[in-house]
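Examining the three-dimensional arrangement
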Amino acid sequence: MNTATASAEAPTDDPPTSDSPAVEAPPAASPAIPAGFDATTATAPTVGIPTTHRCDVLIADDTGASREILSALLRQACIGVSIREARDGADAVNRWKEWRPRITFLDIDMPGQNGLSVLQAIRAMQPDAFVAMVSGLSSADNVRQALSMGASGFIVKPFKPQRLIDVLERYGTLTGHALVTAK
Amino acid sequence: MKNDPAVVDYERLLASERAARLAAEHDLLEARKELFDTNVELQTLIVNLDQAVAERTSEMLAARDEAIAADRAKSAFLANMSHEIRTPLTSIIGFAELLLDKRHAAIGRSEALSTILRNGRHLLDLISDILDLSKIEADGLELEMQDVSLPALMAEVESMMGPRAREKGLQFHVLPQLPVPAVVQGDMVRLKQIIVNFCSNAMKFTEQGAVDIELAYEPATRELEIAVVDTGIGMTPEQVAKLFRPFTQADVSTTRRFGGTGLGLYICKQFAERMGARIAVTSKAGEGSRFALCLALPGDPPDVPMIEDPRDFVEARNVGHEDKESWIPVLRGQVLLAEDGEYNQRLIGALVEATGATLTIVDNGERAFEEALGGEFDLVLMDIQMPVMDGVAATSLLRASGYAGPVVALTANVMRADLETYRKAGCTDALGKPIDRRRLYTVLARYLKDLGDAEGVKPVEDKTAQVLQRLGEEFRAELPATMAAIEQALAARQWADLRSRVHAIKGVAGSVGFPQLTRLAQPVEASIVNGRHEEAELQCAQLLTAAREILELDA
């Protein structure tokens, strides 16, 4: 099985969501995938958990394009990820509570409850949850603050596939669940 | 009668008294036994005490004798040293006087000068031996542990010892017993010093025959043995036993006949031990000696690259030697250079661009962090001492953010403890400053895509030579101002300022053609860091003198 089929399956693995404003993950062939990170160049998976062993990922970002790119990149890099999205902070907290995802990507700059406040809320529910922050601001102070509040990683927008892979590999190292299939 | 209660009572009383007496007798016996045991114990203690006193006394006597012997050795050494120092000085002064005296115009000028030079150099050797020794004794010896190419090391030793062997009519060969490791871990300068010391000893005590360097790898112990074997006068076991003590030579007459400080081997042993190596000596009077340095390798092949083919050994030697300046790998990839010094920015920039890799330069740790986290660099070259945020802090923050790409520390401080700090912060490698072209290329080739001899790849024009020349000229042009600033900092005793200025020289001068300044700047910085300000002042004076010499040469 190659990564392209794996990513195509991911949305169908998603349980139906009716009561929340979450949007379904877009199909893999999203036009937003940056050039040079093409599914056809990805090699067959060498490591990874079986597809039956889904890894739940929550992406919280108020910008639709950002959510789309990040989920496309995620499905590109991993097999067996099931992605759900949230449009703002309060939505992210609700979805997290309900779904308890293994990995969470939180945009910092969201209207209402911002990412750092969501991070605190998640930490309060599960102190060792794997939560990576996402932001267009990569200033050292910004990053330091997020890390001091317990972020498990920091990804800068615009997304660079390698930095996303770095964070996913860190998740693999911490939990023993290798996610990344190809570099 | 029998049942007479009085009788019964009486008998009962008797019986109980008998029992009581028996018990008392038993107790008495016990007490006597105890007393006896205690006595015996006491006796033993007294004997032991006597023994202990005797032991302590003899230990003390031995310690005293040792101290007296050490003191004598030191006095003898001092007497020896003054003799050793006076002899070359006499020659220097004598020939200098002759040169000044117009009446002795017949004396060959160049002969006199070369005698002065030779004796001056000998004095320098003596003094550096004594300095090494004092550093070892004060435990202030610092080693730069790095990858050292074995063939290159051998080539350097050969270039120093080969002519001396030929002068004396001795055979001299490096004999690698293949396969041998291509690289060993150690301090290049000290490794060379040890092997050169072995070789000069061997040549000193060998009148005819050969002095060879045998290289052999022992897989069972993971050790590389570098052995200097001679066909000289050899030593008795008693002489071998005394070899590594400071201030002693095989015997006193040896000093007269063969010269030397009597410190060389002691210093070698200290260096070896501090590098985690050992020295093994075997010798037979009248037949020759064998001095071996046994170096532990960090891993097994294939983790440690091995040289299998004799041609590779010769070739690798040339790479370490003549081709050093010409090898440029053809690479593709993005490199982020974080470096605040303009000289090194331009030099490293030229070197990196000559490989075909693309380069982004930032000048502090915070910008390096932001660029790296938001970018897609294949390699980050991270200077350690930078304003705003230093390289160690930037690297730690990158690692804490999840950044997993290679980060190579660029640093003028490559002592073992420093390297450990960088590694702990998350650096994958370290490169010493001044930047050595070949080592930089080795590191770049390790992390970037190597196009090697792929077809259709055009090597990029190498502008390093021009850049280096320009940097050298600029460095020299700025030298008077640099010196003035150093003198000012020195006069005002502003140590922090002085340190940063000297640090800058240390990291740059060597790359742009003034290695002597890098060499002299290093101890100044070390002394300031350790709070030895008087020493720093003296060393700084040497640095300024060397700088003045450069400017005079220029004028």
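No experiment lies behind these values; they were computed from the predicted model shown. (Residues numbered from 1 in each chain as written. Chains lettered and ligands numbered in written order. Predicted model: local features only at pLDDT ≥ 70, side-chain atom pairs only at ≥ 80, totals over all residues.)

**Digging into the overall build of chain B**
Which entries qualify depends on this criterion: Helix and strand definitions here come from DSSP, where helices need a minimum of 4 consecutive H or I residues and strands a minimum of 2 consecutive E residues; each element is numbered from the N-terminal end. Neighbour density around each residue's C-beta defines its exposure: 20 or more other C-beta atoms within 10 Å make it buried, 12 or fewer make it exposed, and counts between make it partly exposed, where C-beta atoms are placed from the backbone. Two residues qualify as a contact pair if the distance between their C-beta atoms, derived from the backbone, is within 7 Å.
Along chain B, the regular secondary structure elements total 17 helices and 16 strands. Buried residues in chain B amount to 31% of all 555 residues. Of the contacts made within chain B by residues no fewer than 6 positions apart, 70% connect residues no fewer than 24 positions apart.

**Regarding the overall build of chain A**
What chain A contains, in helices and strands, is six helices and five strands. Overall, chain A shows an N-to-C arrangement of helices and strands of α-β-α-β-α-β-α-β-α-β-α. When burial is assessed residue by residue, chain A has 43% of its 183 residues classed as buried. Considering only intrachain contacts with a sequence separation of at least 6, the fraction spanning at least 24 residues in chain A is 68%.

**Let's talk about the nonpolar core**
Soluble, globular proteins show a tendency: their nonpolar side chains are buried together. Spelled out, the test is: Note on terminology: a nonpolar core is a set of buried residues of type Ala, Val, Leu, Ile, Met, Phe, Trp, Tyr or Cys, with members joined through C-beta atoms within 7 Å.
Core analysis: the largest hydrophobic core is formed by 112 residues, its most contacted members being Leu106(A), Ala338(B), Val380(B), Leu381(B), Met382(B) and Val408(B). Element by element, the count of residues in this core is highest for helix H2 (residues 64-77) of chain A, at six residues. Not counting residues within four places of it along the chain, the set of residues in contact with Ala338(B) comprises Val362(B), Gly365(B), Ala368(B), Val380(B), Leu381(B), Met382(B), Asp383(B), Met386(B), Gly391(B) and Ala394(B). If you look at the next biggest cluster of nonpolar residues, it comprises 46 residues, including Val157(B), Val180(B), Ile195(B) and Leu243(B).

**Points about the interface of chain B and chain A**
Applied cut-off: Here the nonpolar group is Ala, Val, Leu, Ile, Met, Phe, Trp, Tyr, Cys and Pro; Asp, Glu, Lys and Arg are the charged ones; every other residue, Gly included, is treated as polar.
Each partner contributes to the interface: chain B provides 14 residues, whereas chain A provides 17 residues. Broken down by secondary-structure element, the contributors of at least two residues to the side of chain B that touches chain A are helix H10 (365-374) and helix H11 (391-400) of chain B. Per-element accounting of the side of chain B that touches chain A gives the leading share, five residues, to H10(B). Across the side of chain B that touches chain A, the residue classes tally to seven nonpolar, four polar and three charged.

**Digging into the packing of helix H3 (residues 89-99) of chain A against helix H4 (residues 115-125) of chain A**
Residue and element names in this part refer to chain A. Convention followed: To obtain an axis, a line is fitted to C-alpha atoms, over the contacting stretch when the element is a helix, and the angle between two such axes runs from 0 to 180 degrees between their N-to-C directions. Orientation labels follow simple angle bins: below 35 degrees gives roughly parallel, above 145 gives roughly antiparallel, 65 to 115 gives roughly perpendicular, and whatever is left gives oblique. Left-handed describes a crossing whose near helix is turned anticlockwise from the far helix through less than a right angle; right-handed describes the clockwise counterpart.
Where H3 meets H4, the closest approach of the two axes is 9 Å, and the angle between their N-to-C directions is 20°. Overall, the two elements H3 and H4 adopt an arrangement that is roughly parallel. The two elements H3 and H4 cross, and the hand of that crossing is right-handed. Judged by residue contacts, Gly89, Ala92, Val93, Trp96 and Lys97 of H3 engage Gly115, Ser117, Val118, Ala121, Ile122 and Met125 from H4.

**Observations concerning the sheet that holds strand S5 (residues 153-156) of chain A**
All names here are of chain A. Applied cut-off: We call two strands paired when DSSP finds no fewer than two bridges between them.
The sheet built from five strands is open, its strands ordered S2-S1-S3-S4-S5 with parallel pairing. Each edge of the open sheet carries a strand with a single partner, namely strand S2 (81-86) and S5. Looking at each pair of strands side by side, their axes are set apart by 20° on average, direction ignored. Pairing geometry for strand S3 (residues 103-107) and strand S4 (residues 130-135), over five bridges, is parallel. Within S4, the residue paired with Phe105 across the bridge is Ala132.

**Points about the packing of helix H15 (residues 495-508) of chain B against helix H16 (residues 515-529) of chain B**
All names here are of chain B. Contact geometry for H15 and H16: axes closest at 8 Å, N-to-C directions at 150°. Accordingly, the angle class assigned to the pair H15 and H16 is roughly antiparallel. As H15 packs across H16, the resulting crossing turns out to be left-handed. Two secondary-structure elements touch here, H15 through Trp495, Leu498, Arg499, Val502, His503, Ile505 and Lys506 and H16 through Leu517, Thr518, Ala521, Gln522, Val524, Glu525 and Ile528.

**Structural notes on unusual backbone geometry**
Along the chain, Lys157(A) connects to Pro158(A) via a cis peptide bond; the corresponding omega equals 0°. Among the secondary structure elements, Pro158(A) is positioned in the loop between S5 and helix H6 (161-175). Of the consecutive residues Lys433(B) and Pro434(B), the connecting peptide bond is found in the cis state with omega at 0°. Structurally, the position occupied by Pro434(B) is in the loop between strand S15 (429-432) and helix H13 (437-447). In this structure, Arg222(B) is a non-glycine residue whose phi angle is positive, near 60°.

**Description of the confidence of the model for chain A**
Formally: Per-residue confidence from the predictor is given as pLDDT, running between 0 and 100.
Averaged over every residue, the pLDDT of chain A is 75; the share at 70 or more is 69%. Contacts from residues 1-52 of chain A, a stretch scored under 50 in pLDDT, to residues over four places away or in other chains number 87 contacts.

**Concerning the sheet that holds strand S8 (residues 288-296) of chain B**
Either a parallel or an antiparallel arrangement is found when strands of a sheet pair, and the pairing is made through backbone hydrogen bonds. Residue and element names in this part refer to chain B. With mixed pairing, five strands are arranged side by side in an open sheet as S2-S5-S6-S8-S7. Every other strand in the sheet has two partners, leaving strand S2 (171-177) and strand S7 (278-284) as the edge strands with one partner each. For this sheet, the mean angle separating the axes of adjacent strands, direction not counted, is 15°. Judged from the seven bridges that link them, S2 and strand S5 (residues 210-218) form a sheet pairing that is parallel. For Leu175, the partnering residue across the bridge sits in S5 and is Glu214. Across the face of the sheet, helix H3 (residues 150-167) comes into contact with S2 and S5 while running at roughly 155° to S2. Along the sheet face, helix H4 (residues 188-204) touches S5, strand S6 (223-230) and S8 and points at about 25° away from the line of S6.

**Some remarks on the pairing of strand S14 (residues 407-411) of chain B**
All names here are of chain B. Quick reminder of the rule: The definition of a right-handed crossover adopted here requires that, viewed with the strands pointing away, the path from the first strand over the helix to the second runs clockwise.
A large share of S14 lies buried, amounting to five of its five residues. Traced from strand S13 (residues 379-383) through H11 to S14, the parallel crossover comes out right-handed. In this sheet, S15 lies alongside S14 in parallel orientation, the contact comprising four bridges. In the sheet register, Val408 faces S15, and the bridge partner there is Asp429.

**A word on H4(B)**
As a reminder of what qualifies: Expected span of a helix: the number of residues minus one, times 1.5 Å.
Counted at 1.5 Å a residue, the expected span for H4(B) with its 17 residues is 24 Å, and the 24 Å between its end C-alpha atoms agrees. Among the residues making up H4(B), those that are buried are Arg190(B), Leu191(B), Ile194(B), Ile195(B), Asn197(B), Phe198(B), Cys199(B), Asn201(B), Ala202(B) and Met203(B).

**Things to note about the environment of Gly234(B)**
Residue and element names in this part refer to chain B. Its location among the elements puts Gly234 in the loop between S6 and helix H5 (237-242). According to the C-beta neighbour criterion, Gly234 is partly exposed, with 19 such atoms within 10 Å. Through-space distance from the C-alpha of Gly234 to that of Ala285 is 4.2 Å; in sequence the pair is 51 residues apart. Apart from residues lying up to four places away in sequence, Gly234 is in contact with Ser283, Lys284, Ala285, Gly286, Glu287, Gly288 and Ser289.

**Describing the environment of Thr482(B)**
All names here are of chain B. Position of Thr482 among the secondary structure elements: in helix H14 (residues 464-491). Judged by C-beta crowding, with 19 C-beta atoms within 10 Å, Thr482 ranks as partly exposed. Separated by 23 residues in the primary sequence, Thr482 and Ile505 have C-alpha atoms spaced 8.9 Å apart.

**Points about the environment of Leu215(B)**
All names here are of chain B. Its place among the elements puts Leu215 in strand S5. On the neighbour-count criterion, Leu215 (21 C-beta atoms within 10 Å) is buried. Discounting chain neighbours no more than four positions away, the residues touching Leu215 are Leu175, Pro176, Gln177, Val180, Leu224 and Ile226.

**What about the confidence of the model for chain B?**
Summing up the model confidence of chain B, the mean pLDDT is 84 and the portion of residues at 70 or higher is 90%. Predicted confidence for residues 319-325 of chain B stays below pLDDT 50, and this span has 11 contacts to residues more than four positions away or in other chains.

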